[in-house]
Amino acid sequence: MKYTDNAINIITAKTYKGIGRAWINKMLKGNENVETIVSLLNSNSKQEDVITIDDFEFDKKQIINQIEKFQESCDGLVAIGDRDFPKYRGNVKESERPIFLFYKGDINLLDIEHSCITVIGLLNPDEKIEIREQKIVSEIIKKDVIIVSGLAFGCDSIAHKQALNGGKTIAILPSPLNNIMPAKNKSLAFEIVEEGGLLITEYYDEHKSAMDLSSRYKDRDRLQALFCDAIILAASYAQDTAERWKMFGQKLDSGARLAMGFAKDYNIPRAVMYDKKLDVDNPMFDLNRQLIAEQKDITILTQKSLEELISKVKSKNEINNKKDAFQPGLFG
């Protein structure tokens, strides 16, 4: 398992009381020495006792022992300050910017130079939705754009599986890599890696409660938004679908709503799969209809608008890559 001393320092710092992503993104750039980190922690953390360098080094060893237990399921760990740590897209506030990632597969797929589109949706799409989503993903991978999704059942799985037909895909998990969730998609996760794709997660330990797990799913949804150049909603119920359609006793609302919300906050281009004639009476498109009504900048996918969306994503990345490639010298 590959990791730097810097990455272990970042994880260790986060274990102290009152230290979260916002604090670390604000106070640390990565590759600070232990003395500097400990000094900052003592100035800013909510610890009752002073943290010593020996305390920090002891806690580091505990972290190393913990993560090395699942090194067979994990290729590496990257953190802010590491050369391979990927850049997020969009305007993301400090509390939501990732600070470390565990990965299995090709971490370079998350490089800003690659074009990525997230495709998400509900857990139980009907056959017509599946066929339409497959066509969309097929068009995307033809242009060498990477598909991002969350490895959930339904629309996520459809996106990953279709991307494997000649393309690359990234799965973002709410669980550690040694405990793939959902367990029934473990073989799909292995296939993604075997075909040159990538699995990532922010977690190296098991969830402690139902509330903790729910929070981890929300964090997964956030990563789906900040690691893509555009996001597509295939289909999803809305929060009020059960009441509207008298479909009680079912959990209909999905993380797709959260991911689309994060994308809006980050100014990531958003698109929905929707045909007014075909989908008007289908509750599986309630969220799609709601987003179209509320947000005028949503793209409704057609053959033409999909081509335009892919073209914008590709051209934006080409411009950014040219900017990154131009490093003026002393007389530039």
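Above this text sits the structure in question.
No experiment lies behind these values; they were computed from the predicted model shown. In this numbering scheme, every chain counts its residues from 1 along its sequence in written order. Thresholds applied to this predicted model are a pLDDT of at least 70 for local features of residues and 80 or more for the giving and counting of side-chain atom pairs; totals over whole chains, interfaces and linings are not thresholded and use all residues. With hydrogens and water stripped out, all remaining heavy atoms of the structure feed into the side-chain values.

A. Just the environment of Gly76, in detail. Going along the chain from the N terminus, every DSSP run of H or I of four or more residues is numbered as a helix, and every run of E of two or more is numbered as a strand. Along the chain, Gly76 falls in strand β1 (residues 76-79). When the C-alpha atoms of Gly76 and Ile131 are compared, they prove to be 36 Å apart, with 55 residues separating the residues in sequence. If we skip the residues at most four places from it in the chain, Gly76 touches Met1, Lys2, Leu101, Phe102 and Tyr103. The contact rule is simple, with two residues in contact once any of their heavy atoms fall within 4.5 Å.

B. Broad picture of the layout of surface pockets. Looking at the largest pocket, its volume works out to about 630 Å³. Method remark: on a 1 Å grid restricted to protein atoms, a set of points is classed as a cavity if a 1.4 Å probe fits but cannot get out and as a pocket if it is open with protein on both sides within 12 Å along at least five of seven lines; lining residues have an atom within 4 Å of a point. Taken together, 26 residues line the largest pocket, and the ones lying closest to its centre are Leu123, Arg220, Lys251, Ser254 and Gly255. Of all the secondary-structure elements, those providing two or more residues to the lining of the largest pocket are α8 (210-226) and α10 (255-265). Take the lining of the largest pocket: its biggest share by element is six residues, from α8. As a working rule, the residues Ala, Val, Leu, Ile, Met, Phe, Trp, Tyr, Cys and Pro are called nonpolar, Asp, Glu, Lys and Arg charged, and the rest polar, with Gly in that last group. Here the residues of the lining of the largest pocket sort into twelve nonpolar, seven polar and seven charged. Grid points are joined across faces, edges and corners, and a volume is the space filled by probe spheres set on the points.

C. Local environment of the packing of helix α1 (residues 5-14) against helix α4 (residues 53-67). At a closest axis distance of 9 Å, the pairing of α1 and α4 adopts a crossing angle of 105°. By the criterion of interaxial angle, the relationship of α1 to α4 is roughly perpendicular. Only Phe56, Asp59, Lys60, Ile63, Ile64 and Ile67 of α4 make contact with α1, whose side of the interface consists of Asp5, Ile8, Asn9, Ile11, Thr12 and Ala13. The class makeup of the residues in the contact of α1 with α4 is seven nonpolar, two polar and three charged. Comment: axis = line fitted to C-alpha atoms, over the contacting stretch for helices; angle = value between 0 and 180 degrees taken between N-to-C directions. If an angle is under 35 degrees, it is roughly parallel; if it is over 145, roughly antiparallel; if it lies from 65 to 115, roughly perpendicular; otherwise it is oblique.

D. The arrangement of the pattern of salt bridges in detail. Note on definitions: salt bridges are taken to be side-chain nitrogens of Lys or Arg within 4 Å of carboxyl oxygens of Asp or Glu. A complete count under the given rule lists 21 salt bridges for this structure. In this structure, Glu202 engages Arg222 in a salt bridge whose closest nitrogen and oxygen atoms are separated by 2.8 Å. Taken together, the residues span a long stretch of sequence, with Glu202 in the loop between β6 (198-201) and α8 and Arg222 in helix α8 at a distance of 20 residues. Any residue under 20% of the maximum accessible area for its type is buried, any over 50% is exposed, and the rest in between are partly exposed; the area is computed with a 1.4 Å probe on protein chains only. Using a relative accessible area of 8% as the deciding quantity, one classes Glu202 as buried. Residues Arg270 and Asp297 are paired through a salt bridge, measuring 2.8 Å at the closest nitrogen-oxygen approach. On the criterion of sequence distance, the pair formed by Arg270 in strand β8 (residues 270-272) and Asp297 in the loop between α12 (286-294) and β9 (299-300) is long-range, its members being 27 residues apart. You can call Arg270 buried: its relative accessible area is 5%.

E. Expanded view of unusual backbone geometry. The peptide bond linking Met181 to Pro182 adopts the cis configuration, its omega dihedral lying at -5°. Examined against the element boundaries, Pro182 turns out to sit in the loop between β5 (169-173) and α7 (186-194). With phi around 60°, Asp144 is a residue other than glycine that occupies positive phi space. Secondary-structure assignment places Asp144 in the loop between α5 (127-142) and β4 (146-149). Positive phi outside glycine occurs at Lys246, with the angle close to 55°. Among the structural elements, Lys246 can be located in the loop between α9 (241-245) and α10.

F. Spatial organisation of α4. By this rule, a helix spans an expected 1.5 Å times one less than how many residues it contains. Over its 15 residues, α4 runs 21 Å from end to end, which matches the ideal 21 Å to within 8%, given 1.5 Å per residue. Its buried side turned inward, α4 meets α1, α3 (34-44), β1 and β2 (100-105).

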